[in-house]
Amino acid sequence: MALKFYCKKDRGSQYKYNKIINKGNFTSVIRILDTCTSLILILLEQHPNCSFGLCSSRSIDFSNPKKLTENLENNQRFRVYSKFIQDRIGNITFTHLEYPSISSYLLINNSVADIRKKEEDIVKMFERTYNSIPDIGD
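Given the structure is predicted, the values throughout are model-derived calculations rather than measurements. (Residues numbered from 1 in each chain as written. Predicted model: local features only at pLDDT ≥ 70, side-chain atom pairs only at ≥ 80, totals over all residues. Heavy atoms only, no water.)

Asks: Is there a simple way to explain the layout of surface pockets in this structure?
Replies: Empty pockets left among the atoms are what a rolling probe the size of a water molecule brings to light. Taken as a whole, the second largest pocket spans an internal volume of roughly 160 Å³. Around the second largest pocket, the lining residues are Thr 37, Ile 40, Leu 41, Leu 44, Arg 88, Ile 89, Gly 90, Asn 91, Ile 92, Thr 93 and Phe 94. Of the residues forming the lining of the second largest pocket, the biggest block, four residues, is contributed by helix H1 (residues 26–46). Of the residues contributing to the lining of the second largest pocket, the split by class is six nonpolar, four polar and one charged. (1 Å grid on protein atoms, 1.4 Å probe; cavity = no way out; pocket = protein on both sides within 12 Å on 5 of 7 lines; lining within 4 Å. Points joined across faces, edges and corners; volume = space filled by probe spheres on them. Helix = DSSP H or I, 4+ residues; strand = E, 2+ residues; numbered from the N terminus. Nonpolar A, V, L, I, M, F, W, Y, C, P; charged D, E, K, R; others polar.)

Asks: Explain the pattern of salt bridges to me, please; I cannot follow it from the model alone.
Replies: Pairs can form between side chains of opposite charge whenever their charged atoms are close. Inspection of the entire model under this criterion finds five salt bridges. For the salt bridge of Asp 10 with Lys 9, the shortest nitrogen-to-oxygen distance reads 3.3 Å. Accessibility expressed as a relative area gives 70% for Lys 9, which makes it exposed. Of the charged contacts, one joins Asp 87 and Lys 83 as a salt bridge, the two residues approaching to 3.0 Å between their closest N and O atoms. Residue Asp 87 and its partner Lys 83 are both found in helix H2 (residues 76–88); the two are separated by four residues, about one turn of the helix. By relative accessible area, Lys 83 is classed as partly exposed at 49%. (Salt bridge = Lys/Arg side-chain N within 4 Å of Asp/Glu carboxyl O. Buried < 20%, exposed > 50% of the residue type's maximum accessible area, 1.4 Å probe, protein only.)

Asks: What should I look at first to understand the sheet that holds strand E5 (residues 104–109) in this one?
Replies: Hydrogen bonds between backbone atoms are what pair the strands of a sheet, whose relative direction is either parallel or antiparallel. Strand order across the open sheet formed by three strands is E1-E5-E4, with antiparallel pairing between neighbours. In this open sheet, the two edge strands, each paired with only one partner strand, are strand E1 (52–55) and strand E4 (94–99). Across the sheet, the mean angle separating the axes of adjacent strands is 10 degrees when strand polarity is ignored. For E4 and E5, the ladder comprises six bridges, and the chain directions are antiparallel. (Pairing = 2+ DSSP bridges. Axes fitted to C-alpha atoms, helices over the stretch in contact; angles between N-to-C directions.)

Asks: Is there a simple way to explain H1 in this structure?
Replies: In an α-helix, one turn spans 3.6 residues, which is why side chains three or four residues apart end up on the same side. In this model H1 runs 31 Å from its N-terminal to its C-terminal C-alpha over 21 residues, within 8% of the 30 Å that 1.5 Å per residue would give. Here H1 has its buried residues at Ser 28, Leu 33, Cys 36, Thr 37, Ile 40, Leu 43 and Leu 44. Of the surrounding secondary structure, the elements contacted by the buried residues of H1 are E1, H2, E4 and E5. (Expected span 1.5 Å × (residues − 1). Contact = heavy atoms within 4.5 Å.)

Structure, rendered in structure tokens:
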């Protein structure tokens, strides 16, 4: 299962995940992130051993004539999302793993027998699903 969010008006755009919305309105960003993280509790009730991951899209500034695109590494969304997750979700249920080089974050459920093996499995799934993500191996 994947949780993806974007502005309803952008649903037909190939850049729906990259657009900067509500620029300067941090309250709306927090509201969106609160909604997304509230789903973690619901999913844990239904699937107690589930883990979570996120891939942060690079922003494209369409208000700039050159359509400036930020780098994949440690992008703005990743910095906001990872800080938010660290502040809201503790270490009792999940092991937190960051991948700043590709702006991705994992929450591995601590109930799994082998956290490193679960990490490898999720990373392989990401590589198959999101084949545009660069190799994150050593």
